[in-house]
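Here are the chains, one letter per residue:
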Amino acid sequence: MSRAQLTRTGILRMALGGGGADPLLPAEGGGGRRAPFLLRALRIAVVVCLYWFTSIAMVFLNKYLLDSPSLRLDAPLFVTFFQCALTAALCLGLSLGAACGPPCAGLPTLRLDPKVSRSVLPLSAVFIGMVTSNNLCLKHVGVAFYNVGRSLTTVFNVLLSYLLLKQTTSLYALLACGVIIGGFWLGVDQEGAEGTLSWTGIFFGILASLCVSLNAIYTKKVLPVVDGSIWRLTFYNNINACVLFFPLMVLLGEFRTLYHFDKLGSPSFWGMMTLGGVFGFAIGYVTGLQIKFTSPLTHNVSGTAKACAQTVLAVIYFEETKSFLWWTSNLMVLGGSFAYTWVKGLEMRKVQEDPNVKSGERNDTGV
């Protein structure tokens, strides 16, 4: 969610068959030997816990930076810009560390090529819309409602698959999308009934859902420009974003806001900013680990369960009281998302096992 969506989506696409092996992810066991069951189970448990911790911590940190009453920093674009700049710097630093040997030895050498940067620019525009709308949604809604507020990504996946890729969707998958839409509107209704509804947050949540879907499509189109390297794409995307954010921050007066910000010289503020950026960068890596040690389907199920845990933690942490229907809306969104993931997983497995289906059609099954 947030800043790391591009990295996460790109690594997911690579795990599903796009691009080469990720140099930062551990190699499979050599010689065809499998680790003992207990060791494999422990490793999976550690990876899943690491993914949950990183993802949830990133959301809470971003909420603090974007909307903390004690911080009082009204500069969401600057927060996003800083995280993009830190991600680009980390990519470059890892590339420079390639000479140090494992685990960085397989990383591509990063250098700024203006021609490649221009080719990546359309994706960068979508990327800016995605990370900005994600952060603005989080700024205007509570962490507990954040998952519901931007829950229409699956629905936009189906819509864009039909409009752009001419791919149809099964009845069961459409029914799952209907449950998600119902949960979304019930959640909006209950937020309004409790007096905590922000239409600005809802707008940016819907926009974020659309941009996440568009980002997945454009990532697949742009990856060949960077030789299928998700790390090179991440580097160029974040460099472009940093350049494009500057005029936006000027237009919205965020430099003036920063000039009057009383904690601009505070080490604790910059520590939190840096920590948020590191978590944003790390989520892509731990997502790749979770997919590698489980499966794309299990990753999506884990993400759904993580969203449920995140909602419960937010309600407890912020000492909120929610109605039965509010919880029902969350369960509908989570249940619909799980059902869609399960249905698409079964459909993809059936396609993979069908000898009459061409390999190209197998790779393009759904968004």
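Every value quoted in this text rests on a predicted model; they were computed, and no experiment measured them. (Residues numbered from 1 in each chain as written. Predicted model: local features only at pLDDT ≥ 70, side-chain atom pairs only at ≥ 80, totals over all residues. Heavy atoms only, no water.)

Caption draft 1: Highlighting the packing of helix 12 (residues 296-317) against helix 13 (residues 324-353). It is the contact of helix 12 with helix 13, at a shortest axis distance of 9 Å, that shows an interaxial angle of 170°. One finds that helix 12 runs roughly antiparallel with respect to helix 13. Taken together, the residues of helix 13 that come into contact with helix 12 (itself represented by Leu297, Asn300, Val301, Thr304, Ala307, Cys308, Thr311, Val312 and Val315) are Trp326, Trp327, Asn330, Leu334, Ser337, Phe338, Thr341 and Trp342. A per-class count over the contact of helix 12 with helix 13 returns 11 nonpolar, six polar and no charged. (Axes fitted to C-alpha atoms, helices over the stretch in contact; angles between N-to-C directions. Helix = DSSP H or I, 4+ residues; strand = E, 2+ residues; numbered from the N terminus. Parallel < 35°, antiparallel > 145°, perpendicular 65-115°, else oblique. Contact = heavy atoms within 4.5 Å. Nonpolar A, V, L, I, M, F, W, Y, C, P; charged D, E, K, R; others polar.)

Caption draft 2: Region of interest: unusual backbone geometry. The backbone phi angle of Asp227 is positive, close to 60°, even though this residue is not glycine. Residue placement: Asp227 occurs in the loop between helix 8 (199-222) and helix 9 (230-251). Here Asp227 falls in the exposed class, since its relative accessible area comes to 67%. Within the chain, Glu319 stands out as a residue other than glycine whose phi angle is a positive 55°. Here Glu319 shows up in the loop between helix 12 and helix 13. (Buried < 20%, exposed > 50% of the residue type's maximum accessible area, 1.4 Å probe, protein only.)

Caption draft 3: Representation of the nonpolar core within the structure. Grouped together as the largest cluster of nonpolar side chains are 56 residues, with contacts concentrated most on Leu73, Phe78, Phe145, Phe245, Phe269 and Met273. Discounting residues that sit within four places of it in the chain, Phe245 has contacts with Leu77, Thr80, Phe81, Cys84, Ile128, Val131 and Thr132. Among the nonpolar cores identified, the runner-up in size contains 15 residues, and Ala88, Val120, Tyr236 and Phe281 belong to it. (Core = buried A, V, L, I, M, F, W, Y, C linked by side-chain atoms within 4.5 Å.)

Caption draft 4: Main features of a nonpolar patch on the surface. On the surface, a cluster of nonpolar side chains totalling about 480 Å² of accessible area is made up of Leu159, Tyr162, Leu163, Leu164 and Leu165. When you line up the elements, Leu159 lands in helix 6 (residues 153-165). (Patch = residues over 30% accessible without salt bridge, like charges linked within 9 Å, V, L, I, M, F, W, Y side chains within 5 Å. Areas by Shrake-Rupley, 256 points an atom, 1.4 Å probe, with all protein chains shown as cover. Salt bridge = Lys/Arg side-chain N within 4 Å of Asp/Glu carboxyl O.)

Caption draft 5: Looking closely at the packing of helix 2 (residues 37-67) against helix 4 (residues 114-140). Packing of helix 2 against helix 4 leaves a shortest axis separation of 9 Å and a crossing angle of 75°. The angle between helix 2 and helix 4 falls in the class roughly perpendicular. Residues Val59, Asn62, Lys63, Leu66 and Asp67 of helix 2 form the contact with helix 4, whose participating residues are Asn135, Leu138 and Lys139.

Caption draft 6: Representation of the confidence of the model for the protein chain. On average, residues of the protein chain score 83 in pLDDT, and 83% of them reach the 70 mark or higher. Mean pLDDT values over the elements of the protein chain span from 44, in helix 1 (residues 5-15), up to 94, in helix 7 (residues 171-193). Scored below 50 in pLDDT, residues 1-32 makes 88 contacts in the model with residues more than four places away or belonging to other chains. Taken together, the stretch residues 359-367 has pLDDT below 50 and engages in 17 contacts with residues farther than four places along the chain or on a different chain. (pLDDT = per-residue confidence, 0-100.)

Caption draft 7: Up close: the pattern of salt bridges. If you walk through the whole model with that rule in mind, you get nine salt bridges. Among the ionic pairs, Asp262 bridges to Lys263, the shortest N-O distance being 3.8 Å. Salt bridges linked by common partners bring Glu191, Glu194, Glu320 and Lys322 together as one network.

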